[in-house]
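Chain and residue survey
In case you want the letters, here they are:
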Amino acid sequence: MIRAVFAAFVAVAAALPAKAAVDIQEVTSPGGITAWLVEEPSIPFAAIEIRFQGGASLDVPDERGAVNLMMALLEEGAADLDAQDFAAARERLAASYDFETYDDSVSVSARFLTENRAEAVELLRKALVEPRFDQDAVERVRAQVLSGLRSDATDPNTIASRTFDAMAFGDHPYGSSRDGTIETVTALTRDDIVEAHGRAIARDRIYVGAVGDITPEDLGTLLDDLLGGLPAEGAPLPPEADYQLEGGVTVVPFDTPQSVALFGHEGIPRDDPDFFAAYIANEIFGGSGLQSRLMEEVREKRGLTYGIGTYLVPMDLAELVMGQVASANDRMSATIDVVTAEWRRIAEEGVTQEELDEAKTYLTGAYPLRFDGNGPIARILVGMQMDGLPIDYIATRNDKVMAVTLGDIARVIERIYRPEDLHFVVVGQPAGVEATN
Amino acid sequence: MTRYIAVIALTFMAALPLRAAEVATFTLDNGMDVVVLEDHRAPVVVHMVWYRVGAADEPPGKSGISHFLEHLMFKGTEALGPGEFSDVVAANGGTDNAFTSFDYTAYFQRVAADRLDLMMEMEADRMVNLRLTEEDVLTERDVILEERNQRTENEPGALFGEMRNAAQYKNHPYGIPIIGWRHEMEQLSQDDAEAFYADHYAPNNAILIVAGDVEPDEVRALAERYYGVIPANPDIEPRMRPQEPPQLAERRITYEDPRVAQPYVVRTYLAPERDPGDQREAAALQLLAEILGGSGQTSVLPRKLQFETQSAVYASAFYSGTSLDDTTFGVVIVPSQGVELAAAEAALDQAVAEFLEEGVDAQQLERIKTQIRASLIYEQDNIQSLARTYGMALTSGLTVEDVQAWPDILKSITEEEILAAARRVFDRKTAVTGWLTGPGTEEVMQ
C-alpha cells in the first residue's frame, strides 16, 4: 500500500563525552512528500515541524506584512470552524499548533498525543489548507499587529534593528520589518491575505521533521493527509539582497537611559567551505558558550555591559556578521572603542592555538546537549534539510569541527572581521559618540 | 493570537505548572535535601543547587544583594580563579548559569552525564570557599547596574511593574525589586556580599536536584562525597519575613512614560499561595486564571473583550501560586485603539462581574482538565523544566508530595470552588490598579 516509504538508519559515532543518539530515517509519502523522522516511542506523543521556504520575503512590495498577518490568522478559523470553535477543538485534543513567520520561511510547529493523532492532524489540515480568513478575524488580528508595530516604534532594540536593516538592504524585503508598517498593514485586504497564503504555503519548498511516537508508515500517511491538498507551487523567491552599508557609526537619538547598539557587516554563506572555520572564530570572538573575547574585555574587565554577543547570520539571500550590546549613555562610547579595537585585533592577529582548542572542546561537547526533547530535535531535522546537509551530518559534524586548523581560521578571519566595514547603529543618547553620517 | 503583545504575554502568561513523575528523594546527614529525576533517553544530566534564600530575605537597605551574590559566585574560590568555574564547565562541553528570585537562588549546569562528579565537586567548593577581591566586586557591581538598565530602566513596562509591586506589598519584602533599587545597588559592598553568603549558603539551606541519565544510588554516593562533608550551619532558621497587615484601602497608580506607545491597565489582588498539604484554594485560583485568560480565543476575558466587544487587543488573567508568602492574582487589558483606559478598566470589571453571574462553562472546564492530563505526558519530554518545577516548589515551602499531588488536586476542583475562590480574591480593598500611559494622555484617574 505504501510503496515509497524507505528508511535510512544512520548510526551516530563520534568521539564525544556524550553522543547524540539520534537515528534519522528519511520517509517519502505515497504522494511524494519527504520528511526526516526520529522514532521515539517511549512517550505517547509526537512533534512535527514543517517549514515552507520563502516566508516574509515573498511579500509583494506594497503589501509588506501580508505573509505575517496571514500566518497569524491560520489559527483564527478554518473550514467549518470559526476562531473560537477551532480553538475549542484544539483544546479538547490537547494538541498545540504554533505558526511563525521568518524572513526566509514560515513554520508550523505541532505537538499531538498518539491517542487522538488522526483528529489532531485533520484539524491542523483545516488550518493549513482551508483557512477562512473571516473579515472579523482579519480586523481583530490586524489590530494586534498594529499595536505591536506602535510599540516597536518606541523600543530601542527594534529601532536599532530596523535602522540597520534599512541601511543594509534598502528596498529588498530584508530592508524592512516582516511585520510590515502601520501603513501597509492598515491597507491589507482579505484578498491580499488569501493571495499571501497561496504564495507562501505550497508543496514545492516544503521541509518536514517529525520526532516521537510515530512509525514511518503512519508518518507517510500523515504527510499526504495533512499537506496533499496544498497547491503544487508557491511564488518565486526574490533575488539576492545587495549589502549597501559602509563602515561608520549611525546614531538614532532616543530618550532612554541605556544606549543599545547593533554592529556588523557582510558575512559568510552557510554553504561556504570555510563556514565551520568562521563559526569557530565567532565562538571565540563573541559566542555565547565560552567566555568570549568580547565578554571578557567589555563585561568582565570593564563592567561596561550586562551582555555582549556576536553571531553569524547566513540568510538565504544575504549573509551578515552581527553583534549587539547595551551600555549606559555615558559609557557607550567606551564600549564602542573596545569593540572596534577587538574587531581590529582579531583581524590583525587572529586567534591562538589554545583558543582554538578550547572552542573545539566546548563546541563538540555541547553539540549533543541540543538534542533535548522531541520538538527541539524536529526543528534541528528541518534546519539540516534547509541547509542542504546530509542525513548523516550529526555523526560527522564534530569531526568537521575538529578538522578546522589555525590556517583555516586565519583564511576566514580576513573575510568576517573587516574593521573598515564595521558599522554601528546606536539608539539612545550616547555621550561622545560621533555619527559618521 | 497574542504574540504581538509580547511584553504582556511574557509577564502574565498563565502557565500550568502541573507535575507528577517518579522521583527519588533523600536527605544527607547535614540536612541537604536531594531530588533525583531520571530520564535515560540521552546521556545528559542537569545538576542544580537551589538555596532557600532570595531577594525577600535581604537585610533592610541592601536590596539586590542576593542577586549580586549570585553574580559573584562565579568570581572564584581558593581552588578556582575568577571565571574559571564556567571555563571548566565549557571545557567539558557543558553550559552553566544561575538565577535569583524572591524565594530562591539557584545554580545549574547541563553536561554529559559522566561529568556529574566534577560539577558536584566544583559546586560544593563554592558553597563554602568563595574568595572575592575588591576589584572584581566593583566591576561586577557595574555589570548588575547595566543589567538593571537593560531589564528595567530601558523598559517602561518593567518600571511600571516595580511601582505596582511596591504599592501591592506595604510591609512584605515582595514589594522590593529582585534586582534591587538602583540607589541601594550602587552602595552594595564586598562586606555585604560576604555577610549574606555566610548567613545563607550552607548544605542545610540547600536542595540538590539532579535530572537526566543518572541512577539515584549513584547520585547519593556522589552527593555524600562532595556535599555530605560540609558541616551544617546551626544558625540557619526557617524564614520569617514581615507579613502584610490587613489591606483595607484600594491603591491606584498611574505611570506615564514617553516611551509607551500602547497603554494598558493591570489590576492585581493579594492572593493566597500554595501551602504544604493545603493547595485547594491555590488550585481553584490556578483554574480561575485559566478560565479567565488561559486561551486567546476561548477563555472568558478574550471572548468578552476581544470577540463580543472590540474593547481590547489583548485581555488575560494570571496567577502564580508557587510562592513562600502571599502572592497575587491579576487581570490585564490592553485596549483597542481609541478606547480610553477608564473605559477599558470598566469593560474589564464588567466582564469579571458577568463571569461571576454566569458561572463556569462546564465544557471549558472539561477542556482545561483534558489539557492537565495531557501535560503529564508532554512534561516527560522536558526533564529540565520538571527539575525547575521541583526546585521552585521546594524553595517555596512545598514538599515533593505536594508537587505530585497537584495535578490530581487540580482535576478534582469543582465549579463551586472556583467561583468561591473568585469571590474571595476579587476584593478591591487588597487591589492595586495600575495604568501605564504614554505622553500627553488626556485621561484622568477616576
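Residues numbered from 1 in each chain as written. Chains lettered and ligands numbered in written order. Predicted model: local features only at pLDDT ≥ 70, side-chain atom pairs only at ≥ 80, totals over all residues.

**Digging into the overall build of chain A**
What counts is decided by this rule: We count a stretch as a helix when DSSP gives it H or I for four or more residues in a row; a strand needs E for two or more, and each element gets its number in order from the N terminus. Radius of gyration: over C-alpha atoms. The globule rule applied is 2.2 Å multiplied by the number of residues raised to the 0.38 power. Burial is judged by counting other C-beta atoms within 10 Å of a residue's own C-beta: 20 or more means buried, 12 or fewer means exposed, and anything between counts as partly exposed, with every C-beta placed from the backbone. What counts as a contact here is a pair of residues whose C-beta atoms, placed from the backbone, lie within 7 Å.
Regarding its fold elements, chain A presents 15 helices and 13 strands. By the compact-globule yardstick of 22 Å for 437 residues, chain A fits well, its C-alpha radius of gyration being 23 Å. On the principal axes, the C-alpha backbone points of chain A span a range of 65 × 55 × 35 Å. Expressed as a percentage of the 437 residues in chain A, the buried residues total 52%. Taking all contacts inside chain A whose residues are at least 6 apart in sequence as the whole, residues at least 24 apart take part in 82%.

**So, helix H10 (residues 280-293) of chain B**
Because each turn of an α-helix spans 3.6 residues, side chains separated by three or four positions end up pointing in the same direction. We count it as follows: One less than the number of residues in a helix, times 1.5 Å, gives the span that helix is expected to have.
For H10(B), with 14 residues, the first-to-last C-alpha span of 20 Å sits near the 20 Å given by 1.5 Å per residue. Burial runs high along H10(B): 13 of the 14 residues are buried.

**Side note on the confidence of the model for chain B**
All names here are of chain B. This is how it is decided: Per-residue confidence from the predictor is reported as pLDDT, which spans 0 to 100.
Looking at chain B as a whole, its pLDDT mean stands at 93, while 93% of the residues score no less than 70. Confidence drops under pLDDT 50 across residues 1-20; counting only partners more than four residues distant or on other chains, this segment forms 57 contacts. At the level of chain-chain contacts, confidence expressed as ipTM amounts to 0.92, with global pTM at 0.93.

**Topic: unusual backbone geometry**
All names here are of chain A. The phi dihedral of alanine 94 is positive, around 55 degrees, even though this residue is not glycine. Position of alanine 94 among the secondary structure elements: in the loop between helix H2 (83-93) and strand E6 (96-101). Even without glycine at this site, phenylalanine 133 takes up a positive phi of about 50 degrees. For phenylalanine 133, a count of 21 C-beta atoms within 10 Å translates into the label buried.

**Structural notes on the interface of chain B and chain A**
This is how it is decided: Three classes are used, and their members are as follows: Ala, Val, Leu, Ile, Met, Phe, Trp, Tyr, Cys and Pro are nonpolar, Asp, Glu, Lys and Arg are charged, and the others, Gly among them, are polar.
Listed as interface residues are 55 residues of chain B and, on the opposing side, 59 residues of chain A. Elements supplying a minimum of two residues to the side of chain B that touches chain A: helix H3 (84-91), strand E5 (105-112), helix H5 (134-153), helix H11 (300-308), strand E9 (312-319) and helix H13 (362-378) of chain B. With 9 residues, the top contributor of residues to the side of chain B that touches chain A is H5(B). Across the side of chain B that touches chain A, the residue classes tally to 20 nonpolar, 21 polar and 14 charged.

**Some thoughts on the packing of H10(B) against helix H16 (residues 415-425) of chain B**
Residues and elements named next belong to chain B. For clarity, the threshold we go by: Simply put, an axis is a line fit to the C-alpha atoms, just over the touching stretch for a helix, and the angle between two N-to-C directions goes from 0 to 180 degrees. When describing relative orientation, an angle under 35 degrees is termed roughly parallel and one over 145 degrees roughly antiparallel, while 65 to 115 degrees is termed roughly perpendicular and anything else oblique.
Between H10 and H16, whose axes approach to 9 Å, the crossing angle comes to 90 degrees. What the angle tells us is that H10 and H16 run roughly perpendicular. Side by side, H10 and H16 meet where Arg280, Glu281, Ala284, Leu285, Leu287, Leu288 and Ile291 of the first sit next to Glu417, Ile418, Ala421, Ala422 and Val425 of the second. The residue inventory of the contact of H10 with H16, partitioned by class, reads 9 nonpolar, no polar and 3 charged.

**Examining helix H8 (residues 216-227) of chain A**
Residues and elements named next belong to chain A. Taking 1.5 Å of rise per residue, the 12 residues of H8 would be expected to cover 16 Å, and the 16 Å separating its terminal C-alpha atoms lies within 8% of that figure. Where burial is concerned, most of H8 is hidden: 9 out of the 12 residues are buried. For H8, the complete set of buried residues consists of Pro216, Asp218, Leu219, Gly220, Thr221, Leu222, Leu223, Leu226 and Leu227. Where the residues of H8 are buried, they touch strand E1 (25-28), strand E2 (34-39), helix H3 (117-129) and strand E8 (206-212).

**Quick word on the environment of A:Leu128**
Residues and elements named next belong to chain A. When you line up the elements, leucine 128 lands in helix H3. Separated by 84 residues in the primary sequence, leucine 128 and glycine 212 place their C-alpha atoms 22 Å from one another. If near-sequence neighbours (up to four positions away) are discounted, leucine 128 is found in contact with Leu74, Val108, Ile201, Leu226 and Leu230.

**Some thoughts on the confidence of the model for chain A**
For chain A, per-residue confidence averages 93 on the pLDDT scale, and 95% of positions sit at 70 or higher. Low pLDDT, under 50, characterises residues 1-17 of chain A; the stretch is placed with 47 contacts to residues that sit more than four places away or in other chains.

**Points about the nonpolar core**
Stated formally: Put simply, a nonpolar core is buried Ala, Val, Leu, Ile, Met, Phe, Trp, Tyr and Cys residues tied into one set by C-beta atoms within 7 Å.
Judged by nonpolar contacts, the single largest core of 264 residues is most densely connected at A:Ala261, A:Ile280, A:Ala281 and B:Ile333. Leave out the neighbours within four places in its chain, and A:Ile280 touches A:Leu356, A:Ala359, A:Leu363, A:Val401, A:Val404 and A:Ile409.

**Concerning the sheet that holds strand E6 (residues 206-212) of chain B**
Residues and elements named next belong to chain B. Selection criterion: Two strands make a pair as long as DSSP finds a minimum of two bridges between them.
Reading across from one edge, E1-E2-E6-E3-E5-E4 is the order of the 6 strands in this open sheet, with mixed pairing throughout. On the outer flanks of this sheet lie strand E1 (23-27) and strand E4 (95-100), each paired with one strand and no other. The sheet shows a mean angle of 15 degrees between the axes of neighbouring strands, direction not considered. Bridge count for strand E2 (residues 33-38) against E6 is 6 bridges, and the pairing is parallel. Bridged to valine 34 within E6 is leucine 208.

**Some words on the sheet that holds E2(A)**
Residue and element names in this part refer to chain A. Pairing is mixed across the open sheet formed by 6 strands, whose spatial order is E1-E2-E8-E3-E7-E6. Of all strands in the sheet, those with a lone pairing partner are E1 and E6, marking the two edges. Across the sheet, the axes of successive neighbouring strands diverge by a mean angle of 20 degrees, strand direction being ignored. Across 4 bridges, the pairing between E2 and E8 is parallel. Opposite glutamate 39, over in E8, you have glycine 212 as the bridge partner. This element, H3, spans E6 and strand E7 (105-113) of the sheet and lies at about 155 degrees to E7.

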